[in-house]
Structures are given as structure tokens and as C-alpha cells.
Amino acid sequence: MEQYVCIHGHFYQPPRENPWLEVIEKQDEARPYHDWNERITAECYAANCASRILDQEGRIERIVNNYAKMSFNFGPTLLTWLEINSPEVYKAIQEADRLSQDRFSGHGSALAQAYNHMILPLANQRDKYTQVHWGIKDFQHRFGRDPEGMWLPETAVDLRSLEVLAEQGIRFTLLAPRQASKVREISGGDWHDVSGERIDTTMAYNLLLPSGRSIAIFFYHGALSRAVAFEKVLKDGEFFARRLLDGFSPEGDRPQLAHIATDGETYGHHHRFGDMALAFALNHIEDKELARLTNYGEFLAKHPPTHEVEILENSSWSCSHGIERWQSDCGCYTGGHPEWKQAWRVSLRESFDWLRDRVASSFENKASELLHDPWSARNRYIEVVLERSPESIDRFLQEQVLRPLSEEERVKVLKLMELQRHSMLMYTSCGWFFDDLAGIETVQVMSYGARVIQLAQELFGNELETKFLKMLGQGQSNRADMGDGREIYERLVRPSMFDLAKVGAHYGVGTLFNDYPEQAKVYCYTAECQDKQFHEAGRAKLALGKARVTSDITLESAVLGFAVLHIGDHNISGGVREFPEDNSYGEMVKELSNAFSSANFTKTIRVLDRNFADSTFDLKSLFADEQRKILNLLLRTTLEEIEADYRQLYEHHTPLLRFLKEAGTPPPKALYTAAEFVLNAELHRAFENDDLELSRIEHLLREAQLEGISLEGESLEYSISKALKRLANRLKADPNDFSVLQKLEQATALVSGLPLGVNLWEVQNICFGMLDNVCREYKARAEQGDEQAEKWLQSFRNIAESLAVRV
């Protein structure tokens, strides 16, 4: 009997983005992730690209790409985020699919996904089709092949959705065992009831659809999948392997597939080091020849279905009530607040359905004036989404429009497409999945809805917000301080809404703190400078200018004049608006320049208010990320002054601090705080310095130890990790640089003795990668009597020892 094993990971952690800014951007080095949860989730994706198998002494023996040996799907938005923020991880995922084709008879392990994780049984027929079409196109764009299988969001299924998959060439999908209803042999015979998870999960099944098409269905092993996801199976890789092998049926001699499906984040996020257990289990099964690893495409090709199946429609893997979790208070929740209710799901679904249907007819009517087929154009718009470039937009418009368009009409077409894109994005499933209306996921889908409302107003003149908020307001948060849906929208969604003027305000303030080029990128906008003037009076600054601001998404454009006054600290006042005539802009510049030159800032503010009326702004008006950047710049001088004061206090009282430490007497809080601030600041600077003066670092560490000063754990660990990575990359680029080799040797030895949990993952990967090529070359030279090569090898062995890498 042939036995096969397959593990499927569904990777879906949608990044939070601003729909007006398309902010899935490269993260700031100083703040690489929005929060801790997002950081460790991202690290989980990376860990599975280069997961470790350890020897008995806990050293890294092998580094493997788990994705190449398993089945997986990634959400398209998540892949976009990885492509920008972690290109190495993104490329490793693509490479894993290529490697899996070599391993599994030409069948890649990556599966496509319905585009933005919409619950398809609750979608209308047009959205079903577009979601599948966009998912396929996104997959082709990233993996360079047609997908064989597609992951249904939350495995939510109905026959109409499966018809759409089959129509577009999808050969199989994956469901939970409780979604099976009846089975029988393909040759005919009686149907057998297999509801209640009684289906044999070790084979593929054929589902005959009403149209006459068919699609293959795999039902994963439910009990084992739950054990992996929620129990302690991943504590031991060998135990995990044994549990996988328990998935085979003892009956019959036909080929069998033992397979599970869980959230991919199970391996390394939900269960720390779960990626290592996964790597060990796959390696153990393969090395011991306990079964053959496979993926669904290969198994289906080698062992086509011998049985057909009927499914339970409107069912899913994450709601025991079918698909009610995404439209009613069914009782499903994530835990933590069992007393909370989710009746708000009803009003959220109803308000979105109303909004979608309300704009659909207006979209069709308006788009029909410009496009051959509005709904076909929506399907093709994914090509623009995947390549935001003038050339891509031109190709799309040339294929879709009825006639040559004016610039204004081009903008209108793109806005129509964006209206439809956001009318689908607002149905992203996580908006209903969690426990409260004020949760970040639900606020995110409200933001997509707000963008639909804004575009509808601009395109059709429809005032939809009042009715929408009335319906949304029927839902109530479980948190008394958050109120109903309307209040949440007003508090958390409206402030994030932007237009060209607000982008102009952002650009204007930015000119005070950034050396913008003549053509500057501001998120998904381009600002082309037409005039720029600066005035200073002591600490006060005045920026005046004019720029054409253009949306890279819709091509909407406006020439905006701005004035920004900064009188120190966080005190920023500004204005931005269109100036229809050049002389009115010139008069504004002259009047404000004269007022500022007299150092009469009260008068300057009055002139600014008079010229910009209702179009004024302050620091709070800016994008949240830009607020932080500017505040960090503004705080730099303040912090430098504070540090100088602390340093003087610390240096004057250092002997006293040491005496108190030796005497076992706690130091006064003021002295301890000064010492803690100064020493940690110095350590940060030392590790961030490209020269990495190790003697200075050792001195500072001794000072901290002598004086009983605590080190800043997380932030210092991050600085150390980056410093080691810089050194390792320099060595990788030029292995012959002995000075870098020796510095890395000393640095890794130093760090290995610190009472910190420094993340050495990237440095370990770099050094492990050098074993196969660089080390081999030096070893060959050493065997020929090259003393320098022997010294190099000894230093590298010391580095490996400090990093727990087996040489």
C-alpha cells in the first residue's frame, strides 16, 4: 500500500492599510512593524523559508525551506506586503513553488486563493467570478504558472462558488471533513451518509456540478488538524511525525493520503518554534521512508478519484453553524469575552450589501458611457492592480474604452474601477470573524466602505453616507466607550479619510523636514514642485510653495498652494488650497512673507487663516506615520538636551553609584534613571555605528554591570541583531577581509555572553550559507598548507560556535 503525507498551511494575515494611501509600504527601520503581533507573525513567514533542524547538542545541522515540502497558499495582499517588506522571504516562497515542481512530478505546491478572502457563498455571482478571476491572475503573476487548486476563504463553500472555480480551470479545492454529506463509488451504487466527519479523508473525491462540470475535493483530517493547531503536537517534531502517520486508514490496500490543514501561522507564530517541529517531521518521514511526501496536485494526477461526493452547502471550517459567523450572532467567537454578543454582524453585513447594490447600477450606467463592458473591465482591472504603472493603465484603457478619452474621462474610468475594487475589499472575512464591532479588522472593512462612499459621491453625486451610517449604527460595540457603528465610524474611520488637499498638506509640512526632489512620492501620490520658498526667524520657519499633486491610482490631479508655519516644538500651522490664478498665489506668498519677516507670528497666523479660511491644518491633520516621523525629528533636539543633563549628572556621581552597588544599597531613583538612560543610549549608538567599536561596547557593558544598571531588552536586542547582520553581510560580500572576520568573531563571542535574547536568525542563515561554498574553498586551501586559510577557518569555526551553527 502506497502511503503519502501532505501538510497544508493557509497563510493569511492581512496587513492593515489606509485605503486612501494604499499604505502597504516599506516599514521604517526604527519601527519595522506596527505591533508585536505583526512582528512575530512576519518572523513566522521568514522562519518557514529557512527552518532549522538541530543536532543533539542543539546546534543548527540543516536549514530547510518548509514551503518546498508542503502545500500552501498565501493571501495576495499578504504577498504584496512581503514583496515590499521582506523580499528575501517573498523570493523564497516563489522558489519553494519551483522546487516543489521538481520534487512532485511537475506539480507546484502553491495554491491560489479567492482574491481578498471574501466569504464566497455570501457574495453575489459577479463578485464570486471576479474574486476567483483576480485570485488566478494574481497567482499567475507571482508564480508564473496556472494554479491547479484554490483555497476557499474559511473553506466556505456552495455549489455556485465551485461552479465558478471549475469554469475558470481550477481542478481541486480543500474542505473540512464536516463539510461532506454523502459519498458513493464513481461507477454508481448507493450513496452513503458521511456527515459528522465520517468521511474517509485519505483519498480525493469527485464532485459533479449542476452544469455538468466537475471538481476534485480533498477533505483534510479534522481531528489531527485540530490537534496540531490547538494542542501540543508541535512540541516534539518526532511526535508530530508519528501523529501524521496515524492519519492512514488501516483498511484496504489502495494508495492513501494522510493530510492536514491549519493556519500557516501555526508553525512559528501560534506555536513558537513550530516551524522547526514541521521541518523535523517532514525530514524524519522522508529520511526514514515512513511515507512519501506529496502535494495535492501530484496525488490527484497519480490517483484520480474513485468516489464522488456531495457537500453540505453554506458550510465552512471555522463556524459550526455553517457561514453564520459572517452574518449573524451565531455564538462563534474567538474567546476572552464569553459575555460579549455579535449581533453587530447583522447590521455590518446589511449596510455593506445595501451600499454594494446601491452603487452597482450607478456604476453600470456611468461606465457604459465609456467602456465596452463595465463588468468585464472590472475583471481585467486586476492587471492594473498588479502593475501600477502608466504603461499598465494605458494598456487597460486601450482595450476597454469605447473611444479615445479626455484626461477627465480617464480619471473617471479609474475611479469607477477603484469603486468596485473597494466594494469587494469591504467584504474581507476578518471584518466579521472577531468579537467586536470596534476591532481593528472591522474598522478596516468600514474604511473600505468609506472609500466606496467617497468615490460614489465624486462620480455620481450620490449622498450615501447618511443612510449607510444609519444602518451601521444599528450595530452596537460590546465596549461601552465605543458606542455604536456610527460612532465608531466617526471616531476611527473618518479621521483617516484623505483627498488631494490633505495630501498637499502632508507634502507642505514635509518640505520643512525633508529634502524633497522636484518630483516626490507621497504614498500613492506624486507631488511635482512648481514653487518653493523658505524663511527663517530664529527657531521659527515658514515654508511656502505650490505643487501639482496627482494620484498614482486614479490619476486625479490638482495644483495646490500651501503655507506652513513652524514656531517650535509641535506648533505647526498651515493651509492648503487650489489657487485659480497665479497672481492670487503670488499675493498670498508676498503677504505671508512680509508678516513673517517682521517676526510677528500672531499676524502671520492671522494672514494664513485669512488666505486659507477653512483649508487650514495642524500636525494632527497628517498621516499617522508621518506624524510620528516629524515628532521624532522635533523630539531629537529635546532628547539631546535631556541626555546632556543626564550625562552630567551621571558622570558626576558614577563613583557614588558604584559604592551603593557594592554596599547593596539601592541608588536614588534620580541617579539610577540618569545612569540607565545614558548607558543604554551609548550602547544603542555603539551598535548602530558602522565601525562597531567593540572595546567601547565592552566598557559600557562593564559600567552597567558595576553600577547595577538594567539593559533595555527589546530595543537593544534589535540594534545588536542589525549590527551583527551588517557585519555578516560584509563578510559574505568579501570573505577575504580578515578585519571583518575577526570583528564578527569578537562580536558574536561578546553577544553570546549577554543576558539578552538577541535574534540571531538572519546572521545564522548567512553563516550557514557560507559553509557550502566559502568554507569549502578555505578548507581546500588549508589542506594544501595555506596558514592564512587555516586561521580563517578557525575564526569562522569560532563564529559558528557562538551562533550555534554546526560546522
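Before reading on, note that the structure itself is shown above.
Owing to the predicted nature of the structure, the values given are computational and were not obtained by experimental measurement. (Residues numbered from 1 in each chain as written. Predicted model: local features only at pLDDT ≥ 70, side-chain atom pairs only at ≥ 80, totals over all residues. Heavy atoms only, no water.)

**Quick word on the overall build of the chain**
Here comes step 1: Of regular secondary structure, the chain possesses 28 helices and 20 strands.
Here comes step 2: For 807 residues, the compact-globule estimate of 2.2 N^0.38 gives 28 Å, and the C-alpha radius of gyration of the chain, at 30 Å, lies within 12% of that figure.
Here comes step 3: Each of the three principal axes of the chain carries a C-alpha extent, and together these read 95 × 80 × 55 Å.
Here comes step 4: The burial tally for the chain puts 55% of its 807 residues in the buried class.
Here comes step 5: Sequence separation of 24 or more characterises 69% of the internal contacts of the chain that already satisfy a separation of 6 or more.
Here comes step 6: Total accessible area on the chain is roughly 35200 Å²; 47% of this is exposed by carbon and sulfur atoms.
Here comes step 7: Counting 91 positive and 122 negative side-chain charges, the chain places the centres of these two groups 1 Å from one another. (Helix = DSSP H or I, 4+ residues; strand = E, 2+ residues; numbered from the N terminus. Rg over C-alpha atoms; globule rule 2.2 N^0.38 Å. Buried < 20%, exposed > 50% of the residue type's maximum accessible area, 1.4 Å probe, protein only. Contact = heavy atoms within 4.5 Å. Areas by Shrake-Rupley, 256 points an atom, 1.4 Å probe, with all protein chains shown as cover. Lys, Arg positive; Asp, Glu negative; His and termini not counted. Charge placed at Lys NZ, Arg CZ, Asp CG, Glu CD.)

**A few points about the sheet that holds strand β11 (residues 214-219)**
Here comes step 1: Within the open sheet, the six strands sit side by side as β7-β11-β10-β14-β8-β9. Their pairing is mixed. The open sheet terminates on both sides in strands that have one partner only, identified here as β7 (172-175) and β9 (192-193).
Here comes step 2: As defined by bridge partners, strand β8 (residues 180-185) adjoins strand β14 (residues 307-311) across five bridges and the pair is classed as antiparallel. Along β14, the bridge assignment pairs E185 with H307.
Here comes step 3: Helix α5 (residues 159-167) rests against β7, β10 (204-208), β11 and β14 of the sheet, and its axis sits at about 115 degrees to β11. (Pairing = 2+ DSSP bridges. Axes fitted to C-alpha atoms, helices over the stretch in contact; angles between N-to-C directions.)

**With respect to unusual backbone geometry**
Leave glycine aside and you will find that most residues have negative phi; peptide bonds, for their part, are mostly trans.
Here comes step 1: The phi dihedral of N314 is positive, around 55 degrees, even though this residue is not glycine.
Here comes step 2: You can see N314 is positioned in the loop between β14 and α10 (344-368).
Here comes step 3: Even without being glycine, Y523 reaches a positive phi, approximately 55 degrees.

**What about the side chain of N283?**
Here comes step 1: As for its placement among the helices and strands, N283 is situated in helix α8 (residues 274-287).
Here comes step 2: Judged by relative accessible area, which is 9%, N283 ranks as buried.
Here comes step 3: Apart from the residues lying within four places of it in its own chain, the contact partners of N283 are I53, R62 and K69.

**What to know about the environment of W761**
Here comes step 1: Following the sequence through the fold, W761 ends up in helix α27 (residues 761-783).
Here comes step 2: On a C-alpha basis, the gap between W761 and T77 in space is 25 Å, while along the polypeptide they are 684 residues apart.
Here comes step 3: Those residues within four positions of W761 in sequence are excluded, and the remaining contacts are A46, A47, A50 and R52.

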